Each structure stands twice: as structure tokens, then as C-alpha cells.
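Structural overview
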Amino acid sequence: QVQLVESEGGLVQPGGSLRLSCTASGSVDSIYVFGWYRQAPENERELVATATFSNVPTYADSVKGRFHVSRDNAKNMVYLQMNNLKPDDTAVYYCYATLVTKPDLWYQELWGQGTPVTVSS
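The text that follows walks through the structure, step by step, so that each part is easy to find.

Cut-offs applied
- Residues numbered from 1 in each chain as written.
- Predicted model: local features only at pLDDT ≥ 70, side-chain atom pairs only at ≥ 80, totals over all residues.
- Heavy atoms only, no water.
- Helix = DSSP H or I, 4+ residues; strand = E, 2+ residues; numbered from the N terminus.
- Buried < 20%, exposed > 50% of the residue type's maximum accessible area, 1.4 Å probe, protein only.
- Polar contact = N/O pair within 3.5 Å; in protein donor to acceptor, adjacent residues only side chain to side chain.
- Contact = heavy atoms within 4.5 Å.
- Disulfide = S-S within 2.5 Å.

1. Thoughts on the side chain of Arg66
Relative to the helices and strands, Arg66 is located in the loop between strand S6 (57-59) and strand S7 (67-72). With relative accessibility at 9%, the residue Arg66 sits in the buried group. A distance of 2.9 Å separates a polar atom in the side chain of Arg66 from the backbone oxygen of Ser62. Excluding anything up to four places from it in sequence, Arg66 contacts Gln81, Met82, Asn83, Asn84, Leu85, Lys86 and Asp89.

2. Thoughts on the environment of Phe53
With respect to the element layout, Phe53 can be found in the loop between strand S5 (46-51) and S6. A residue is classified by how much of its surface remains accessible, and Phe53, at 47% relative accessible area, is partly exposed. Separated by 17 residues in the primary sequence, Phe53 and Ser70 have C-alpha atoms spaced 10.0 Å apart. Discounting chain neighbours no more than four positions away, the residues touching Phe53 are Ile31, Tyr32, Arg71 and Asn73.

3. Concerning the state of the cysteines
Every disulfide links exactly two cysteines, by a covalent bond between their sulfur atoms. Summed over all chains, the structure comprises one disulfide. A sulfur-sulfur distance of 2.1 Å marks the disulfide that ties Cys22 to Cys95. When the S-S torsion is -90 degrees, as for the bridge of Cys22 with Cys95, the disulfide is left-handed. Residue Cys22 is located in strand S3 (residues 18-25), and its partner Cys95 is located in strand S9 (residues 91-101); the two are separated by 73 residues in the primary sequence. Of the two residues examined, Cys22 and Cys95, each falls in the buried class.

This is the structure we're talking about:
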């Protein structure tokens, strides 16, 4: 069974930085899309940033120029470096992956349990 395990979020002051990481643990064959979504209170879950296997990124307009997504395929990990954080970035951040397990090559779409990030002075 494959699980996505996120690092802890936290409380950050406006203008500060925080790095999240996520590990896909278990029998992973290949991870296709790997990245992050977020959900603020009373809002729908939205894309933050994802990366393909070749590290080609996609970013939400609201985080372009401030956030950077990267992945380490050898370790089955994805990272989200968040800079110049704003109060509007406050949300629960979810790791997301589309992957294939081994040995059965079963395609799955997985979510992490979510980690809270609060941006406040």
C-alpha cells in the first residue's frame, strides 16, 4: 500500500518562508504528477503547484514567482519551497500524486493527510 506522508507545516509571519516535503512510501513503480494542493476554510481545494516526472512545473497564478516545486525521483519525494508568504496562503496543504504501484502496475491517485500552514503576525 502506498501512502503520501507530508512534513509538518506551521506558523509563519508574513514575508517569511517555509518548505514542505512529501514522501511516497510503499511499493511505488513510477510517479507521474507529484505536487501540492491547498484548501482554505470555506474554500474549495485548489491547485498550488505540481511537477511532472521530468520536473516540468505548473503553478497557480497566485503563487507564481513566490513558490517553487521540485521533486527527487530517486527518493519519491516532492518539495514545495514557499517564499514571501502572505496571509492569503493560510490553508491546509495536501500532497498529491498520480502513480503506478509495483508489481501489479495499478494506477492510483493519492492524497496526503494534509498539513496546516498559517501565515500571521
